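# Structural overview for review
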Amino acid sequence: MKKILVTGGLGYIGSHTVVELQNAGYQVIIVDNLSNSSLDVLEGITNISKTPPAFERLDLRYKADVSEFFKRNQDIEGIIHFAASKAVGESVANPLLYYENNLNTLIYLLQECNAYGIETFIFSSSCTVYGEPDSLPITEDAAVKEATSPYGNTKQISEEILKDTCSISTLKAIALRYFNPIGAHETVEIGELPAGVPQNLVPFITQTAAGLRKELSVYGDDYPTEDGSCIRDYIHVVDLAKAHVIALGRLLSKTNNSNYEVFNLGTGRGSSVLEVVNSFEKTTGEKLNYKIVDRRPGDVISVYADTKKANDVLGWKAQETMEDALLSSWKWEKKVRGMQ
Ligand code: NAD
Ligand code: WQD
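It should be emphasised that the depicted structure is a prediction, and the values quoted were computed from it without experimental measurement.

## Overview of the pairing of strand E6 (residues 172-178)
With seven of seven residues buried, E6 is to be regarded as a mostly interior element. Along E6, one buried face is formed by Lys 172, Ile 174, Leu 176 and Tyr 178 and the opposite face, lined by Ala 173, Ala 175 and Arg 177, is buried too. Bridge count for strand E5 (residues 120-126) against E6 is seven bridges, and the pairing is parallel. Bridge pairing in E6 places Ser 124 opposite Leu 176. Handedness of the E5-helix H6 (residues 150-167)-E6 crossover: right-handed. Bridge count between E6 and strand E11 (residues 260-265): six bridges; the pairing is parallel. Following the sheet pairing, Ile 174 is matched in E11 by Glu 261.

Structure, rendered in structure tokens:
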């Protein structure tokens, strides 16, 4: 059984990926500092897979602790690196926190890869690296635009760090550029648990429907889109998780000749904010209280993925619909709030 380190494995995308890795027969060890997750997630994962993953509470910002961890775990064959801070607004307010947490942790992990001959690395990147695209759908070779936030900048710099490291070592890495992950596991054992007021659309919708928020603010209906609201590519988190298993298989089987690759992970379909709202109401039967407000500064108008490279090279395609994802998010919200 190959042992895979999943950093940030108790977080939203990491936890769903751990389940898929276990389903595929990998031995998983999770490290997480619990800065944006809780130990309950371990129980959720175990309830689904019936196998408790190994877990260590570790803060990857502490280089000596990271080294000590690898000294004790020299049988790790691959790393999937989710651990990072991800709130765009917070990164504007506190850039050094973001540069420290998102860049130092990556560098320390890559140094251990060099030290212990670990050659397989998967990195969580983001469609934020494209900024406002020149054409749609976005392909992987589209220009990476000047970052609009320190968070986005950390993803751009991380990709550069990975590419440069791969070019001078035996490391093979894949950066996966996620579009907008939504949804929860069908068992409702794990899902997204945003701390405080959600910044992202779907958790705000489900919390509004659950009565935690008075109303959803739709940020703008005067964009040059069909209904005037912004367009995004919403992808089910379980589809996203499965792509990691496929990418890992590709790296471990050494079937690829390139040291560093980038893939878009999206559905290829753009949906407007108002479409998401309507779809939520239709799928769940819940009436959503919302109002149109001013645009949110920094929002791009329209972003959705060209998924051809992931389809052709990885053989991966999103399977779940947006309706599936919204329904699972709603079921998860109800469970978390003790409704029904
Ligand atoms: P998340 O916050 O739910 O998960 C991240 C996990 O990493 C958390 O459990 C947190 O406690 C842990 N962590 C953070 N800093 C750490 C540190 N220094 N040491 C150890 N653990 C640490 O976020 P997520 O939505 O699952 O995102 C996972 C990755 O995907 C991140 O790199 C994020 O930037 C990227 N990403 C997320 C989205 C999204 O919309 N959710 C989109 C694109 C990319
Ligand atoms: C989606 C749409 C909002 C909340 C962010 C990060 C990006 C990536 C994914 C990590 C937009 C609108 C939202 C609300 C609204 N994360 N909206 N009312 O902005 O596409 O991307 O998460 O890499 O880097 O920037 O996602 O969910 O915040 O917004 O109208 O209360 O919903 O304006 O059009 P976004 P989001």
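There is more to say, and it comes next.
## Here's the deal with the confidence of the model for the chain
Segments scoring low in pLDDT should not have their predicted coordinates read at a detailed level. Taken as a whole, the chain shows an average pLDDT of 97; of its residues, 100% reach a score of 70 or greater. In the model output, the complex is listed with pTM 0.98 alongside ipTM 0.99.

## Quick look at helix H7 (residues 201-209)
Among the nine residues that make up H7, nine are buried, leaving the element largely enclosed by the rest of the structure. Every buried residue belonging to H7 is among Leu 201, Val 202, Pro 203, Phe 204, Ile 205, Thr 206, Gln 207, Thr 208 and Ala 209, and all of these are buried. Residues of H7 that are buried sit in contact with strand E7 (180-182), strand E8 (216-219), strand E10 (234-236), helix H9 (273-284) and helix H11 (322-336). Looking one or two residues beyond H7, the residue adopting positive phi is Gly 211, at roughly 90°.

## Observations regarding the domain arrangement of the chain
Looking at the chain, the domain boundaries give domain 1 (3-182 + 235-265) and domain 2 (201-232 + 268-337). Between domain 1 and domain 2, the C-alpha centre-to-centre distance is 24 Å. Opposite the 25 residues of domain 1 that make contact, domain 2 presents 24 residues. Carbon and sulfur atoms make up 69% of the surface buried where domain 1 meets domain 2, a total of about 2200 Å² over both sides. Taken together, domain 1 and domain 2 are joined by zero salt bridges. When residues in the side of domain 1 that touches domain 2 are grouped by element, the largest group, six residues, is from helix H8 (residues 237-253). Here the side of domain 1 that touches domain 2 is built from residues that sort into 14 nonpolar, five polar and six charged.

What counts and what doesn't
Residues numbered from 1 in each chain as written. Chains lettered and ligands numbered in written order. Predicted model: local features only at pLDDT ≥ 70, side-chain atom pairs only at ≥ 80, totals over all residues. Heavy atoms only, no water. Buried < 20%, exposed > 50% of the residue type's maximum accessible area, 1.4 Å probe, protein only. Helix = DSSP H or I, 4+ residues; strand = E, 2+ residues; numbered from the N terminus. Pairing = 2+ DSSP bridges. Right-handed = clockwise from strand over helix to strand, strands pointing away. pLDDT = per-residue confidence, 0-100. Contact = heavy atoms within 4.5 Å. Domains from an automatic or database assignment. Buried area = accessible area lost by both parts, 1.4 Å probe. Salt bridge = Lys/Arg side-chain N within 4 Å of Asp/Glu carboxyl O. Nonpolar A, V, L, I, M, F, W, Y, C, P; charged D, E, K, R; others polar.

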